[in-house]
Amino acid sequence: MIILYGLAIGFVIALIGYMKNRSTRNLFYDSTLGSDAIKYSIVAVIAAKNEERVIETTVRSLLSRSPKTFRAIVVDDNSTDSTYEILTELAKEYPNLVVQRNFDTPGKSGALNVALDMIKEDIVLFLDADARVDWDFVRKYSKLFDSPDINVVFADFESYNQSRTLAVILQDLYFSFIKAFVYSGLFSPTIFMNSGVFIRRQILDAVGKFDTQTLVDDFDLALRLMKNKIKVKFIMGEKCKIQYALSLKDLFYQHCRWYTGGIKKIAKQISQGRYLGILVFIAIGALTLFPVLMFILAYLLSAEYLLSVVLPFFLSILFSSTVTSYILHDGHRRKEMLINIILGAPLAYFLFQIAIIFSLIHAFGKKSVWHKVIREKT
């Protein structure tokens, strides 16, 4: 019976998160009604390092049908492949493409800061080097800023990977859950990925540049927005297409980078007297390591009910909320749905538990390495 209660609660929570996101779809399409004219100047910003597999398609998708008033700034972060050469050739074809090398602090945040110094437009769109969006996508999302209440918009996204590996399939499940519980702002201010994010330049001016020492530029920006009480709106409109990690190894190390960077940022927040970071730290650790904590406490306290009642209740909520979020989000293939419903939730949860433990240990080391995910050639 306790498992049935857990399944029901997980379903309801996931449904609330999904419906919260779903309500933004009408906001998106209502904003596109009427004239196509845009009140604001817009610039897209991309930091690229060793992206020869994807960068040309990204730039062509973005600029092929765009007006000359729309600029794209791509900062090459000292690539050792042909990325910079590809970009310089594209700049000859597209006058509104600005290509710059990062001669300042190396790293993605340093490259983004180089771009920020070159911005003069009203609205900034951050994209990763693998993103697939066109001018129509940019135009429609930009019209949301006609509302003075909108300062930051995080666009919905989906994978465009042709290779449907187990890692890609698991990420469909993972991101469906994250959209419902994290990006929706259901339990906390919205955290986001820094690809498909539109933000007013005046807001960027107010919150300052990126921390060049961080592994998580998006979390860094989110924390600075929270500090300035600026809300982020996750919009389920047209989707920014991105690549997911192709292998379980890349997926594991990508999440280790996210968690290691996140732990370092939270630790820094705590050292600066912002103790909300402690609550975030405890909440994430408790959610991820809950089964381990239950086994330890059951042994120390001789409390069998923790394993016979509390743990099954928690796992049933987690399983139901994860699978429900996944099913509610459209675009899944039947075979992949079967894999995720049967294997995806426990496998993903186990993988991320290991990644969290690894990251907790690694976060307090002297050196952090940015793991480069292998791109699928486009």
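Here, the structure is the one placed above.
First, a word on scope: everything that follows refers to the structure included in this document. Per chain, the residues get numbers from 1 upward, laid out in the order the sequence is written. Per-residue local features of the predicted model are confined to residues with pLDDT of at least 70, and side-chain atom pairs are confined, for both listing and counting, to 80 or more; whole-chain, interface and lining totals are unaffected and use all residues. Note: side-chain values were computed over all heavy atoms of the structure, leaving out hydrogens and water.

1. Here's the deal with the sheet that holds strand S1 (residues 42-48)
Then, number 1: Strands were regarded as paired on the criterion that DSSP finds at least two bridges between them. Numbering of helices and strands runs from the N terminus, with a helix taken as a DSSP run of H or I at least four residues long and a strand as a DSSP run of E at least two residues long. Across the sheet, which stays open at both edges, the 7 strands sit in the order S3-S2-S1-S4-S6-S5-S7 with mixed pairing between neighbours. A single partner strand is all that each edge strand has here, and the edge strands are strand S3 (97-101) and strand S7 (232-242). Taken pair by pair, the neighbouring strands of this sheet meet at an average axis angle of 25°, ignoring direction.
Then, number 2: Where strand S5 (residues 152-159) lies against strand S6 (residues 197-200), 3 bridges are found, and the strand directions are antiparallel. Counterpart to Val152 in the pairing with S6 is Ile199.
Then, number 3: Sheet strands touched by helix H3 (residues 83-93): S1, strand S2 (71-76) and S3. Its angle to S3, the strand with the most contacts, is close to 150°.
Then, number 4: In this description, contact between two residues means that some pair of their heavy atoms is separated by no more than 4.5 Å. Fitted lines through C-alpha atoms give the axes, limited to the stretch in contact for helices. The angle between two N-to-C directions lies from 0 to 180 degrees. In this fold helix H6 (residues 166-183) packs onto S5 and S7, with an angle of close to 155° to the strand it touches most, S5.

2. Side note on helix H2 (residues 55-63)
In an α-helix, one turn spans 3.6 residues; hence positions three or four apart end up facing the same way.
Then, number 1: Relative accessibility under 20% of the residue-type maximum defines a buried residue, over 50% an exposed one, and the middle range a partly exposed one, all with a 1.4 Å probe and only protein chains included. Within H2, burial applies to Ile55, Thr58, Val59, Leu62 and Leu63. Around the axis of H2, the buried residues are gathered within 105° of arc, so they sit on the same side.
Then, number 2: Contacts made by the buried residues of H2 are with S1, S2, H3, S3, strand S4 (123-127) and helix H5 (135-142). Within this analysis, the arc is defined by the directions that extend from the helix axis to the C-beta atoms.

3. Focus on the packing of H6 against helix H9 (residues 248-271)
Then, number 1: One can describe the packing of H6 onto H9 by two numbers: an axis separation of 8 Å at closest approach and a directional angle of 40°. By the angle class used here, H6 and H9 are oblique. Contacts between H6 and H9 involve Leu166, Ala167, Leu170, Gln171, Tyr174 and Phe175 from the first element and Leu248, Leu251, Gln254, His255, Trp258 and Tyr259 from the second.
Then, number 2: The classification used treats Ala, Val, Leu, Ile, Met, Phe, Trp, Tyr, Cys and Pro as nonpolar, Asp, Glu, Lys and Arg as charged, and all other residues, Gly among them, as polar. Residues belonging to the contact of H6 with H9 are distributed by class as follows: 9 nonpolar, 3 polar and no charged. Working rule for angles: under 35 degrees goes down as roughly parallel, over 145 as roughly antiparallel, 65 to 115 as roughly perpendicular, anything else as oblique.

4. Looking at the packing of helix H1 (residues 2-31) against helix H12 (residues 305-328)
Then, number 1: Contact geometry of H1 with H12 gives a least axis separation of 7 Å together with a crossing angle of 35°. Note on packing geometry: the crossing formed by H1 with H12 is right-handed. Touching Ile2, Ile3, Tyr5, Gly6, Leu7, Ile9, Gly10, Phe11, Ala14, Leu15 and Tyr18 of H1 are Val309, Pro312, Phe313, Ser316, Ile317, Phe319, Ser320, Ser321, Thr324, Ser325 and Leu328, all from H12.
Then, number 2: Its residues assigned to classes, the contact of H1 with H12 shows 15 nonpolar, 7 polar and no charged. By definition, turning the near helix anticlockwise from the far helix through less than a right angle yields a left-handed crossing, and turning it clockwise yields a right-handed one.

5. Re the nonpolar core
Then, number 1: The term nonpolar core refers to a set of buried residues drawn from Ala, Val, Leu, Ile, Met, Phe, Trp, Tyr and Cys, joined through side-chain atoms within 4.5 Å. Counting 109 residues, the largest nonpolar core has Leu62, Phe126 and Leu225 as the members making the most contacts within it.
Then, number 2: With 10 residues, the single largest contributor to this core is H6.
Then, number 3: What Leu225 contacts, discounting residues up to four positions off in sequence, is Val152, Phe192, Ile199, Ile203, Val207, Ile230 and Val232.

6. Description of the packing of aromatic side chains
Then, number 1: Under the pairing criterion, centres of Phe, Tyr and Trp rings, with the six-membered ring standing for Trp, must be within 6.5 Å; the plane angle then separates stacked pairs below 30 degrees from edge-to-face pairs above 60, leaving the rest tilted. For the coordinates displayed, the defined rule picks out 22 aromatic pairs.
Then, number 2: With a centroid separation of 6.2 Å and an interplanar angle of 55°, the aromatic rings of Phe154 and Phe192 are classed as tilted. Residue Phe154 is found in strand S5, and its partner Phe192 is found in the loop between H6 and S6; the two are separated by 38 residues along the sequence.
Then, number 3: According to the relative accessible area criterion, Phe154 is buried, its value standing at 0%.
Then, number 4: Cluster of aromatic residues (ring-pair linked, three or more members): Phe154, Phe157, Tyr174, Phe175, Tyr183, Phe192, Phe234, Tyr244 and Phe352.
Then, number 5: Stacked on the ring of Phe157, the Lys or Arg Lys179 has its end atom at 4.5 Å from the ring centre.
Then, number 6: When the NZ atom of lysine or the CZ atom of arginine is within 6 Å of a ring's centre and also within 35 degrees of its normal, the charge is said to sit over that ring. Positioned over the ring face of Phe210 is Arg224, at 5.2 Å from the centre of the ring.

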